[in-house]
Amino acid sequence: MTDLVWLIPVFPLIGFLINGLLGKRFPERTIGWIGSAAVGASFVVALLIFLELLGMPPGSRSVQKVVYTWMLSGDLNIPIGFLMDPLSMVMMMVVSGVGCIIHVYSIGYMHGEFGFRRYFAYLNLFVFNMLILVSANNFLLLFVGWEGVGLCSYLLIGYYYEKKSASDAGKKAFVVNRVGDFGFLIGAFLIFVTFGTFNFTDVFAAAPDKLSYGGLPATLITLLLFVGATGKSAQIPLYTWLPDAMEGPTPVSALIHAATMVTAGVYMVARCSVLFALAPVSLTTVAIVGGATAFYAATMGITQFDIKRVLAYSTISQLGYMFMACGVGAFSSGIFHLMTHAFFKALLFMAAGSVMHAMSGELDMRKMGALRKHLPYTHWTYVFGTLAIAGIFPFAGFFSKDEILLYAFQRHLGFWIIGAIAAVMTSFYMFRSVFMTFYGESRVDHETAHHLHESPPIMTVPLMILAGLALVGGLVGIPILEHYNVFGHWLDPVFAPAKAISEKAAGHHGDHASVALEFLLMGVSLCIAFFGLFLARWMYVTKPSVATEVAERLGPIHKLVYNKYWMDEIYDFLFVDSIVKFSRLLWKWFDEGFIDGMVNGTATVVRRFGSILRELESGLVKDYALSIVVGVVVVIGYLVLR
Amino acid sequence: MLTLQHYLFLSAALFALGVVGVMFRRNLIIILMSLELMMNAVNLTFVAFSRYLGSIEGQIFVLFIMVVAAAEVAVGLAIAVAVFRQKGTVNVNEVNIMKW
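As the structure is a prediction and not an experimental result, all values here were calculated from the model.

Q: Any chance you could explain the overall build of chain B here in plain terms?
A: When helices and strands are counted, chain B shows 3 helices and 0 strands. Overall, chain B shows an N-to-C arrangement of helices and strands of α-α-α. Whereas a compact globule of 100 residues would reach a radius of gyration of roughly 13 Å, chain B reaches 17 Å, over 25% beyond that. Each principal axis of the C-alpha atoms in chain B carries an extent, and together these give about 50 × 25 × 25 Å. When the 100 residues of chain B are sorted by exposure, 15% land in the buried category. In chain B, of all internal contacts separated by at least 6 residues, the share reaching a separation of at least 24 is 48%.

Written as structure tokens, this is what we have:
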């Protein structure tokens, strides 16, 4: 089966080609099911390969398959090759599995939309690129997928391209991503210069020898790679595109900006764990940036009224958790959280989409309330997602977040404190959104209330599947005895080299936390989560006026956070405005003034010269006779005087 | 005594007058007459040289020139008639539409 790994990205590519090129006359159902079946087929192949890998002994679970030699020039050999190891199989299954569910949901959600076929074509193209990204066996092929998902993100965010805010958001996403990609590319080039190859296994095997621990090359490479990750995964400072990306259709937000594309940065950092382990400065940077982002984004989630914005800031915050996990050396915890986050965040977005669908497109939570009577399935699945993200036992988020907080605590108390405060805020703003939307007094306006209806099964069944995964998905990470969980064990071979490097440098084996400490921290996490729940309930159900009072009391602070710390405006002032002014200058002065001037000027000179010469053609024969005489005189004069 | 130089000066003067007439006169017929004048001046030059060098070739060439002059006048007058029929005038300053 591993020989057929190339089918995994190729199925969605075929779906894209069929829907894109031939789908003009197909009915909606056909287009939708072709798209979903393509991704579903990828999932089946990935699952089969996963089972095959399971059957192998743990040490040898790394299979490469080269399908084609893309570039061959001297030292440079870039194949189209796939790497099947525990990490990439997890990613492939998450991407194709959650992707398939979202495709099916989209058939219902996008019903009646004008660009239905375009949507599914782009969505399939996106899954193709994402699968290339996670299955590539070398940096350059990964970058192909990396750029591809950026492109599809732009296309899908700008899906409603006639709306200016949507097309602006698409451009913003692409440009901010590009800044990150620049860093990634320089890092990849440095890798080639140092190692002579782009291939993962070769680079990581040679890394401990070629790169000195804590040395400049290692630090530089990993920092540059991390810059790419901040762009793609919306961390400080390149996160500003993600809230705006909510202009796209909700399933797009679910797939791209929650479950898959934004996790590409985390995957990349995890994949390069060996390189990061050799550069402790970078690792700490990753942890600090991740923690800071988790905290910072959570503060903004508290004040937003747009339900999708809340989820967007939540995504940025959770991604911060994943990076913090990688930064403290707990790579498998980061990936575990990636997987559970994919489940519950996709669920939350799609349930929010279901709410919007019922509310005829309204997404301001101030205009919702008491919707649980009208939308039972949506309500319960959204609550499941919220319980998961808040980290309440036994939902998935509890296990993954708890693991991260445990490792953070071991690394440095500061990380745990930031993580814990962010957890409180996460629980609070998520339950705030639950209570504002589904409980309390109905603030729905009359017209919309007429059309309130639960979504059709094609939308609610995917929600229920994901809700089930949000419930049980964490069980693969249950700590059995000390520090031992199925998921971590599965990913161990991938991260073992990095772990060995870190432990060698630290001079001792990592401290294994005592069972007591684990249970203590678990208990604290639960208390934090419930505190957030009850605070939200008090503020939004029992005494709704408290919310506005607090906002008034904390006037200036509230204003600062509500306006997203004016980061967009600051970036505009610092970077965007000057670049736009410079572009305008180049346009008016150089392109129009100079280049066009040169071209037009040449034409003008020729025309003027011509209009002078033209006077010779007077049409009078006597003038021509004169010129003959002049010519004769000149010639004879020359001959005589010579 | 009349030397060669006298004849040559006369020819040159006649030729110059002819050229001036072709360049500066407005009437097409006058221009044709000036053209004839130029040719006759050349004839005079040839005959003077023929007498001076004692060779008969000069005078033979004069006969050829006269033939050509006659043919040319025929054609030239035909053109003048055609122009007059077209334009109603033989003023060459008016025949100027082949211009920019």
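Q: Any chance you could explain the overall build of chain A here in plain terms?
A: The helix and strand inventory of chain A stands at 26 helices and 2 strands. Projected onto the principal axes, the alpha-carbon positions of chain A cover approximately 125 × 70 × 55 Å. A burial count over chain A gives 49% of its 642 residues as buried. The long-range share in chain A, meaning contacts at least 24 apart out of those at least 6 apart in sequence, stands at 81%.

Q: It is not clear to me how helix H24 (residues 555–562) of chain A should be interpreted in this structure. Could you clarify?
A: Every α-helical turn comprises 3.6 residues, leaving residues that sit three or four positions apart pointing alike. The buried count for H24(A) comes to 0 of 8 residues, which makes it a mostly uncovered element. One or two residues past the end of H24(A) sits Lys564(A), with phi positive at roughly 60°.

Q: Please explain the nonpolar core as it appears in this structure.
A: One recurring pattern in soluble globular proteins: nonpolar side chains tend to sit buried together. Counting 203 residues, the largest nonpolar core has Phe126(A), Val269(A), Met324(A), Ala346(A), Leu347(A) and Ala470(A) as its most contacted members. Excluding anything up to four places from it in sequence, Ala470(A) contacts Phe343(A), Phe344(A), Leu347(A), Phe384(A), Gly385(A), Ala388(A), Phe395(A) and Ala396(A). Within the second largest apolar cluster, 9 residues are counted, among which are Ile31(B), Leu32(B), Ala41(B) and Val92(B).

Q: Even after reading the chapter, I still don't get the interface of chain B and chain A, so can you show me in this structure?
A: Where interface size is quoted, it is often the accessible area lost as the parts come together. Contacts between the two partners involve 10 residues from chain B, matched on the other side by 10 residues from chain A. Partitioning the side of chain B that touches chain A into residue classes produces 7 nonpolar, 2 polar and 1 charged.

Q: What am I meant to see in the environment of Leu463(A) here?
A: Following the sequence through the fold, Leu463(A) ends up in helix H20 (residues 457–472). Between the C-alpha atom of Leu463(A) and that of Trp380(A), which follows or precedes it by 83 residues, the distance is 9.6 Å.

Q: Just checking my understanding: could you explain the pairing of strand E1 (residues 63–73) of chain A for this structure?
A: All names here are of chain A. For E1 and strand E2 (residues 76–84), the ladder comprises 9 bridges, and the chain directions are antiparallel. By the bridge assignment for E2, Tyr68 is matched with Ile80. What sits between the antiparallel neighbours E1 and E2 is a turn of 2 residues, in which Gly74 has the positive phi angle 65°.

Q: Teacher, can you tell me more about helix H18 (residues 413–438) of chain A here?
A: Residues and elements named next belong to chain A. Compared with the 38 Å implied by 1.5 Å per residue over 26 residues, the 37 Å span of H18 between its first and last C-alpha is a close match. Of all 26 residues in H18, 20 are buried; the element is thus mostly enclosed. Trailing H18 by a residue or two, Gly440 shows a phi angle of about 70°, which is positive.

Q: Would you explain the packing of helix H6 (residues 164–195) of chain A against helix H7 (residues 200–210) of chain A in this entry?
A: A pair of packed helices can be characterised by two numbers: the angle between their axes and the separation between those axes. All names here are of chain A. Interaxial distance between H6 and H7 falls to 11 Å at its minimum, and their mutual angle equals 70°. In terms of axis orientation, H6 runs roughly perpendicular to H7. Considering only the axes of H6 and H7, their crossing is left-handed. Residues Ile191, Thr194 and Phe195 of H6 touch H7, and the partners they reach there are Asp202, Val203, Ala206 and Lys210. Looking at side-chain class alone, the contact of H6 with H7 contains 4 nonpolar, 1 polar and 2 charged residues.

Q: Can you walk me through unusual backbone geometry in this structure?
A: Leaving glycine aside, a negative phi is the common case for residues, and trans is the common case for peptide bonds. All names here are of chain A. For the peptide bond that leads from Ile236 to Pro237, omega is 0°, which places it in the cis range. Along the polypeptide, Pro237 turns up in the loop between helix H8 (216–232) and helix H9 (241–244). Even without a glycine there, the phi angle at Trp566 is positive, about 55°. Residue position: Trp566 is located in the loop between H24 and helix H25 (567–613).

Q: Honestly, the environment of Val193(A) in this entry has me stumped. Any pointers?
A: Residues and elements named next belong to chain A. Considering the arrangement of structural elements, one finds Val193 in helix H6. The class of Val193 is exposed, set by 10 C-beta atoms lying within 10 Å. When the C-alpha atoms of Val193 and Ser96 are compared, they prove to be 34 Å apart, with 97 residues separating the residues in sequence.

Q: When you look at the environment of Phe276(A) in this model, what are you seeing that I'm missing?
A: Residues and elements named next belong to chain A. Along the chain, Phe276 turns up in helix H12 (residues 273–277). On the neighbour-count criterion, Phe276 (29 C-beta atoms within 10 Å) is buried. Spatially, the C-alpha atoms of Phe276 and Gly214 are 9.5 Å apart, while their sequence positions differ by 62 residues. Here Phe276 is in contact with Thr222, Val269, Ser282, Leu283, Val286 and Ala498, once residues within four sequence places are set aside.

Q: Got a minute to help me understand the packing of helix H1 (residues 7–22) of chain A against helix H2 (residues 28–54) of chain A in this structure?
A: All names here are of chain A. In contact at an axis separation of 8 Å, H1 and H2 are set at 170° when each is read in the N-to-C sense. Relative to H2, H1 is oriented roughly antiparallel. Each of Leu7, Ile8, Phe11, Pro12, Ile14, Gly15, Ile18 and Asn19 in H1 lies in contact with H2, whose residues at this interface are Ile31, Ile34, Gly35, Ala38, Val39, Ala41, Ser42, Val45 and Ala46. Looking at the contact of H1 with H2 residue by residue, the class counts come to 13 nonpolar, 4 polar and no charged.

Parameters and conventions
- Residues numbered from 1 in each chain as written.
- Chains lettered and ligands numbered in written order.
- Predicted model: local features only at pLDDT ≥ 70, side-chain atom pairs only at ≥ 80, totals over all residues.
- Helix = DSSP H or I, 4+ residues; strand = E, 2+ residues; numbered from the N terminus.
- Rg over C-alpha atoms; globule rule 2.2 N^0.38 Å.
- Buried ≥ 20, exposed ≤ 12 C-beta atoms within 10 Å, placed from the backbone.
- Contact = placed C-beta atoms within 7 Å.
- Core = buried A, V, L, I, M, F, W, Y, C linked by C-beta atoms within 7 Å.
- Nonpolar A, V, L, I, M, F, W, Y, C, P; charged D, E, K, R; others polar.
- Pairing = 2+ DSSP bridges.
- Expected span 1.5 Å × (residues − 1).
- Axes fitted to C-alpha atoms, helices over the stretch in contact; angles between N-to-C directions.
- Parallel < 35°, antiparallel > 145°, perpendicular 65-115°, else oblique.
- Left-handed = near helix turned anticlockwise from the far one by under 90°.

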